[in-house]
Amino acid sequence: MPTLPLIEKYRATSFEEIKGQNTAIQEITAFLKTFPMKKALILNGPVGIGKTCMAISLAKEFNLELFELNASDLRNRSKLDEVLKPATAQKSLFKKGKLILMDEADGITSSDRGGLPELLVLIEKTKHPIIITANDIWQRKFNLLRKKCHLVNLKELRNEIVLEILIEVLEKEKIPDREINLQTINTIAKKSRGDIRAALNDLQTVLELGQEAYISEKIEREKQDTIFNALKIIFQNPTDKDTLSAYNNTKLDLNEILLWVEENIPLEYKGKALTKAYDSLSKADLFKGRIYRQQYWRFLVYQNFFLSAGISASTKLKNKTFISYKKPTRILKIWLSNQKNAKKKSIIAKYAKLTHMSKKKANKESFLFPLILNHKNTHEKLDLDEKEQKWLKDKKEAMIEKYNLG
Amino acid sequence: METSNPLNPEKPFSQEPLNNKNSEIWTERYRPKKFEELVGQDDIVKKVQNLTKALNIPHLLFAGPAGTGKSTLALIIVKELFGSTWKENYLELNASDERGIDVVRQKVKDFARTKALGNVPFKVIFLDEADALTKEAQQALRRTMENYTSTCRFVMSCNYSSKIIDPIQSRCAIFRFKLLEKKDIEKRLRLIVEKENLQISDQTIEALYESSEGDFRRVINLLQASASISPTITAELINTLTSTAKPAEVKIVLEYALSGDFLKAKEKLLDVMLKESVAGTDIIKAIQKEIWNLQIDDELKVRLTEKTGETEFRMTEGSDEFIQLESLLASFVLAGKGLR
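Now for a quick tour of the structure.

What counts, and at which threshold
Residues numbered from 1 in each chain as written. Chains lettered and ligands numbered in written order. Predicted model: local features only at pLDDT ≥ 70, side-chain atom pairs only at ≥ 80, totals over all residues. Heavy atoms only, no water. Helix = DSSP H or I, 4+ residues; strand = E, 2+ residues; numbered from the N terminus. Buried < 20%, exposed > 50% of the residue type's maximum accessible area, 1.4 Å probe, protein only. Contact = heavy atoms within 4.5 Å. Areas by Shrake-Rupley, 256 points an atom, 1.4 Å probe, with all protein chains shown as cover. Patch = residues over 30% accessible without salt bridge, like charges linked within 9 Å, V, L, I, M, F, W, Y side chains within 5 Å. Salt bridge = Lys/Arg side-chain N within 4 Å of Asp/Glu carboxyl O. Lys, Arg positive; Asp, Glu negative; His and termini not counted. Charge placed at Lys NZ, Arg CZ, Asp CG, Glu CD. Pairing = 2+ DSSP bridges. Axes fitted to C-alpha atoms, helices over the stretch in contact; angles between N-to-C directions. Buried area = accessible area lost by both parts, 1.4 Å probe. Polar contact = N/O pair within 3.5 Å; in protein donor to acceptor, adjacent residues only side chain to side chain. Nonpolar A, V, L, I, M, F, W, Y, C, P; charged D, E, K, R; others polar.

A tally of regular secondary structure across chain A gives 19 helices and 5 strands. Put simply, chain A has 406 residues, and 48% of those count as buried. Taking contacts inside chain A between residues at least 6 apart in sequence as the whole, the part at least 24 apart equals 73%. Counting every atom, chain A has about 21600 Å² of accessible surface; 53% of that belongs to carbon and sulfur.

This paragraph deals with a positive patch on the surface. Taken together, Lys-272, Lys-276 and Lys-316 of chain A together with Lys-337 of chain B make up a surface patch of like positive charges. Assignment of secondary structure puts Lys-316 of chain A in the loop between helix 14 (300-312) and helix 15 (330-354).

Attention shifts here to the sheet that holds strand 4 (residues 130-134) of chain A. All names here are of chain A. Reading across from one edge, 2-3-4-1-5 is the order of the 5 strands in this open sheet, with parallel pairing throughout. Sheet topology places strand 2 (64-69) and strand 5 (149-153) at the edges, where each strand pairs with a single neighbour. Strand-to-strand twist in this sheet, taken as the mean axis angle between neighbours without regard to direction, amounts to 25°. The pairing of strand 1 (residues 40-44) with strand 5 spans 5 bridges and is parallel. Within strand 5, the residue paired with Ala-40 across the bridge is Cys-149. The strands touched by helix 2 (residues 22-34) are strand 1, strand 2, strand 3 (97-102), strand 4 and strand 5; relative to strand 1, the strand with the most contacts, the crossing angle is about 165°. Where helix 3 (residues 51-61) meets the sheet, it contacts strand 1, strand 2, strand 3 and strand 4, and its direction lies at approximately 175° from that of strand 3.

Facing 60 residues of chain B, the contacting portion of chain A comprises 52 residues. Summed over both sides, the interface of chain B with chain A buries roughly 5100 Å², with 56% coming from carbon and sulfur. Summed over the shared surface of chain B and chain A, the result is 8 salt bridges. In this structure, Asp-279 of chain A engages Arg-314 of chain B in a salt bridge whose closest nitrogen and oxygen atoms are separated by 2.9 Å. For the interface between chain B and chain A, the tally reads 22 residue pairs in polar contact (both at pLDDT 80 or more). Secondary structure elements with two or more residues in the side of chain B that touches chain A: helix 1 (26-29), helix 3 (70-82), strand 2 (90-94), helix 9 (216-227), helix 10 (235-245), helix 12 (262-275), helix 14 (298-317) and helix 15 (321-337) of chain B. Each residue belonging to the side of chain B that touches chain A can be placed in one class, and the counts come to 18 nonpolar, 20 polar and 22 charged.

See the structure below:
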C-alpha cells in the first residue's frame, strides 16, 4: 500500500502531465512571456482541476522559484518586503526569478486584516509575476482585482480525462484488474464532476477499504453536494445530461427545492426565458397540486421533470456569469407576517364562529373590524383578550388617521 | 305578525327585542329571526316555511351569492323546528374551515349518534360552503348522508350548485337564492337606520348598494363602520371604507412588471398578499379587472387576459397560489418588453 496519498504522489508537476487544460496552459505561458504587461493572472475555476498544479508546473517550466503567499502574509511586512525588493537585488542562487502564487483567493476578505487592498497594492508594486487562483472570482468584492489581472477561466475536467488519469494511476500502482472493476472507476469519475482531487481521493478509499466501503463514503460526500450545485446544473448547463437527476444529491425534498428554484429563477433569467422558466415552475406546481388532491404519486415524475429539465430548457444559452443563489425567503416572510397578523387571525376565528360564517369569509370583512368590533360589549361577546382588544384599538386609530376619518 | 312556535306555543318567536344590546355586532343584531323578515327570497321562504311547518324537511341545498340569506334561513329553520332547544339539535360545520372530510365525518357521526331532543325525530346539520369540499370528499359525504338520514337532515349552502356532485344534488331539495335587489336592501336598511337613529340620503343608499354588490352582510358592516364615526352616513365615507378593502395595490404590481422590474413586482405582490392576507384568488380577480384599465394595446390586453384565465385555472389545480401568480407576472414582464 502506498504511504503517500495518491493525490500527492501523482500531483502533476509539468505542463505535460496536466491534462485537458491546453488552452489555459497557452494563455498562462503567454502571460509570463509578456510580463510585466499584466502583472497578475487569475486562474478561476472549480476545485480540483489543476489550478495549483498549473502554477507549480509553470514555475518549473520557466525555472522560476515558486513563492507562495496566503491571505495573512499580505500583512506580514518582512515577507512582503521580500517580494517588493527589486528583482535584481534578490535573485535566488540558482533560479532566474520568482513566481508568486496567491492560492485560493476566495478566502480573502475585502476589509479585514490581510485583505484585498493589500493584494491590490502588491500587484501595483510587484517585480515578479503573480498567479492568483480562485473558485469564484465573479463576486462583487473582486471587481477591482479582476480589472487589474489577466483572467483565465478553467472548466471542470471532462469525464474522459478524469477516467484517463484514474486508469493511468491504477497502472502505475500496478493494481490488478480484479481488485477494482471498471464500473467502480466509472462511478468515481462521474461522481467527481471533473474534480480530479475528489476522484483520486475516492480511488484511494476504494484501494484501501474495498469497493463496499467506498459506497458508504460516497453517500457522505453526496450530502455535501448542495442545492447550489443542483441549481447551477439546472440554470446554467442546459445541455447537461444530468439535469433530470440534478436534485437527487441535494437531500432536500421536492417542496423545498421548489422554493429554492422559485427564489432564484428571477436572478438567472430575463425576458422570454423568465416566462418560460416560470411556466415550467407553474406546471411543476400544477402536478404537485394534483398529487396532493388525488394522492396519485406517479405525477411526481412530472413534477420533477418540469422542475428540472423543464426549467433548464428555458434557454439554450449557457450562462457563464456567476450568480450567488439565495435562500428561499418566502416562508420566512409568511411566518413573520403570520406573527404580525396573529391577533387579527384569532379575532377572525372568534368573529366567524359567532356570526355563522367561515374564516375565509370573515377575513373579507376584517378590514372593517377596527370600526365595528370596538365596543366593550362586543369584546365580551367575542371573548377577546387584552391583546386582541389592543390590536383593534390601535388599528382603529391608524385607520382614522390614514383616511382622515372622524 | 307573530308566528308561534309549533312545538312551544307558549313561546312566541319574536320575543327578543330587535335592539338586543348584548350583541353589538349589527349583522347579528339585525339578522332576520323570522321567515317574514327575510327579504328578496319570497318564493323560497314560502316553500321552506311550509316544509318546516310539516316538521319534516328533506335535505336542503341552498345555492346563491354571499350575503343573500342562506345561513340566516338555515338558522330560522332550526329555531322554528326546535324552539328553545335548537342549540342542542343543530350543528354548524364550515367546509372551508374544517381541514378534511374525515373531521367532517367524525363530527357528523358524533352528532348524529344521539337522538334528537323534543318532538322532531331528527337533528339538523348545516354544512356551510359545501362547494369548498373536493369531489372525493363529497362522494364520501354522500354515504354519510344516506347512513344518517333517519336521525339527521343536512342543510347545505354553496355559491355554485354546479360544484356539488349530482348524487348529492339529487338527494336534496335545491333552492337558488337570488342576488338581492336594491329595493330589498333598501327596505331592510331603512329599518336599521331608523332603529339606530342614523341619517342617510338616497345617494348614500345607492353608494352602499353599489359597493356591496348585493351582499347584505357587507351593507350592514359598512353601515356600522360608518356609524361608528358619524351618525350621518355619507356616500363619501362609504367609498373611502370600501377602497381600503380593494387590493388597489395590484395596479402597482402590474406596473412594476410591465416596466420590466420583475423582482420588485414579485416583492410587492407578496407584500400585498401578506399585509392584508388577501387570497390569491382575489388577487387574480383584481388583475383580471385591472388589465382593461392599463395603457396598453387592446390585442395585448386580450393575450394577457387569456394568460390570466389560464393562471386562475392552474391556481385551482395547483398547490401554491403564489407561484402561479409569479408565473403570470413573468408574462407581464415579457408583454411589457414591446412597450419599452
